[in-house]
Amino acid sequence: MPVVQLRSAGRVVFLPTLPYYRNALGDDFMRDWSNAEWVDPKYNWKPAPVPESPGRVLLDLATKCNLRCPMCVVWGSDDEQAVDSAQGVMDLAASRRLLDEIMAARPLVQPNMWGEPLMAPNLREQLSEMKRRGIAVAMNTNGLTLNEDLARFFVDLKVDSVMFSIDAVTRPTLKKIRGIDKLEKLETAVFRLLKMRGESDCPRVGVSFTIQDENRHELEEFVSRWAGVVDVVRTGVVFENGTFPDMQTPTKRLPCPAIYNTLPVHHDGTVTVCCLDGFKTTNMGNVFKEGVKAVWQGEEFAKFRYHHETGQWDQVPFCKPCNGWAQYEFKEEVRDGLLIRESPQYTYYNKVARLKNWQGNLLGGHQAPPSDLVSASV
């Protein structure tokens, strides 16, 4: 009988490739599609195991934004008709049903994708529904509308992580990157949340910097300004024309980790193969109509995984030019009170003294930080 190898806590476990099987950690794995009619026998495809439920769920609560950043796939587009068609607000009742379906798996939920989450008309109720179900919540925001009342709500609700997209250290550069010069307002929002949180664990507060030609001269100063002040600084390369052009990509291409751990849900319930597909050129199904399990374990996702695992990149035109698959190949070092993790796509500067608030589902695909560092931060 064919078997699959699974590594857990230093052990190698061999399991039969039944239509569904369970690994040593207790996670269910989905049906075997290797005999589907669209599979070419010449590839001798042995499907890689996929968890029954995604470990990370992106919910675009409101595809609305108060900025038009040139780098943004959606809001930076010149195609106004496409931008208009992308907009919308997620139905609260539908999102509740989705949360009920995924709550047992306790995935990390990001309540935004291409929208500014603070513009969601029912944001507080949506976040409360997530936390009521014991779900970890990590959001990205520009912070423009984060007032004291909302900051207090995030702290009281124990939202797990808030990452502010800033991308500059001067107003002229911010104007080029984000179309506004309100740098002080963005920075004030960060300090407002830090002050409101105090020494509590949550939220984990971070700032991000997307490197591009107009701001790369400020990268070093940005890291120096924020590293050790916030819990984490994230820097990353820009995505444009279907790829990350500034990324140093490893020679050997591997299947993208995202199709094994991330479910990107647009405001109308449509699931795309990747969060970078802002205009929904791919369609894995609709979780509001079919349910999470039917989509995640469904045929469309299976086809993409098959083509990735057998190297048939021509069959997945959205994925073919992309090099984002390398994002989880990290190098790590500890320096100046920081745990620094660097991949071809991102670099994270984690404040060692705050590592205790970066655990469990909030890791979102990262390996847990070294236990001795976490112990030292307590």
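Residues numbered from 1 in each chain as written. Predicted model: local features only at pLDDT ≥ 70, side-chain atom pairs only at ≥ 80, totals over all residues. Heavy atoms only, no water.

1. Side note on the packing of helix 2 (residues 92-102) against helix 3 (residues 123-132)
A pair of packed helices is characterised by two quantities: the angle between their axes and the separation of those axes. Contact geometry of helix 2 with helix 3 gives a least axis separation of 10 Å together with a crossing angle of 15 degrees. Comparing their axes, helix 3 and helix 2 come out roughly parallel. Of the two possible hands of crossing, helix 2 and helix 3 adopt the one that is right-handed. Counted together, Leu92, Ser95, Arg96 and Leu99 of helix 2 and Glu125, Gln126, Glu129 and Met130 of helix 3 form the full contact between these two elements. Grouping the amino acids of the contact of helix 2 with helix 3 by side-chain chemistry returns three nonpolar, two polar and three charged. (Axes fitted to C-alpha atoms, helices over the stretch in contact; angles between N-to-C directions. Helix = DSSP H or I, 4+ residues; strand = E, 2+ residues; numbered from the N terminus. Parallel < 35°, antiparallel > 145°, perpendicular 65-115°, else oblique. Left-handed = near helix turned anticlockwise from the far one by under 90°. Contact = heavy atoms within 4.5 Å. Nonpolar A, V, L, I, M, F, W, Y, C, P; charged D, E, K, R; others polar.)

2. Quick look at the nonpolar core
Residues Leu59, Leu127, Phe154 and Phe164 are the most contacted members of the largest nonpolar core, which totals 95 residues. Per-element accounting of this core gives the leading share, seven residues, to helix 6 (residues 183-197). Other than its neighbours up to four places away in sequence, leucine 59 contacts Met90, Leu98, Leu99, Val109, Gln110, Pro111, Asn112, Met130 and Val265. In this structure, Ala136, Leu339, Val352 and Val374 belong to the second largest nonpolar core, which totals 11 residues. (Core = buried A, V, L, I, M, F, W, Y, C linked by side-chain atoms within 4.5 Å. Buried < 20%, exposed > 50% of the residue type's maximum accessible area, 1.4 Å probe, protein only.)

3. Focus: unusual backbone geometry
Here the amide bond leading from cysteine 202 into proline 203 is cis, since omega sits at 0 degrees, within 30 degrees of zero. Tracing the sequence through the fold places proline 203 in the loop between helix 6 and strand 11 (204-211). If you check the backbone angles, asparagine 44 has positive phi at about 50 degrees while not being a glycine. With respect to the helices, strands and loops of the structure, asparagine 44 is situated in the loop between strand 4 (28-29) and strand 5 (56-59). For asparagine 44, a relative accessible area of 54% puts it in the exposed group. Non-glycine residue aspartate 336 carries a positive phi angle of around 55 degrees.

4. Points about the packing of helix 3 against helix 4 (residues 148-157)
For the pair helix 3 and helix 4, the least separation of the axes is 11 Å and the interaxial angle reads 10 degrees. If you check the angle between helix 3 and helix 4, you find them roughly parallel. Taken together, the residues of helix 4 that come into contact with helix 3 (itself represented by Leu123, Arg124, Leu127, Ser128 and Lys131) are Asp149, Leu150, Phe153, Phe154 and Leu157. Here the contact of helix 3 with helix 4 is built from residues that sort into six nonpolar, one polar and three charged.

5. Examining the packing of aromatic side chains
Taken as a whole, this structure holds 12 aromatic pairs when the rule is applied. Following the ring pairs from residue to residue traces out a cluster consisting of Trp33, Trp38, Tyr43, Trp45 and Tyr306. Positioned above the aromatic ring of tryptophan 313 is the side chain of arginine 253, whose terminal nitrogen or guanidinium carbon lies 3.7 Å from the ring centre. (Phe/Tyr/Trp six-rings, centres within 6.5 Å; stacked < 30°, edge-to-face > 60°. Lys NZ or Arg CZ within 6 Å of the ring centre and 35° of its normal.)

6. Structural notes on the side chain of arginine 341
For arginine 341, the position within the fold is in strand 17 (residues 338-342). Among the polar contacts listed, one links the side chain of arginine 341 to the side chain of glutamate 332, at a separation of 2.6 Å. Setting aside residues no more than four positions away along its own chain, arginine 341 makes contact with Phe330, Lys331, Glu332, Tyr346, Thr347, Tyr348, Trp358, His366, Gln367, Ala368, Pro369 and Pro370. (Polar contact = N/O pair within 3.5 Å; in protein donor to acceptor, adjacent residues only side chain to side chain.)

7. Regarding helix 5 (residues 171-178)
All of the buried residues in helix 5 are Thr173, Leu174, Ile177 and Arg178. An end-on view of helix 5 places all buried positions within 105 degrees of arc, on one side of the element. Across from the buried face of helix 5, at angles greater than 90 degrees, the exposed residues are Pro172 and Lys176. As for helix 5, its buried residues are in contact with strand 10 (161-165) and helix 6. A positive backbone phi angle near 80 degrees is found at glycine 179, which sits one or two residues after helix 5. (Arc of directions from axis to C-beta.)

8. Topic: helix 11 (residues 299-309)
Buried within helix 11 are the following residues: Phe301, Ala302, Phe304, Arg305, Tyr306, His307 and His308. Buried-residue contacts for helix 11 involve helix 8 (258-261), strand 13 (262-265), strand 14 (270-271) and helix 10 (292-296). The positive-phi residue at the C-terminal boundary of helix 11 is glycine 311, with phi of around 70 degrees.

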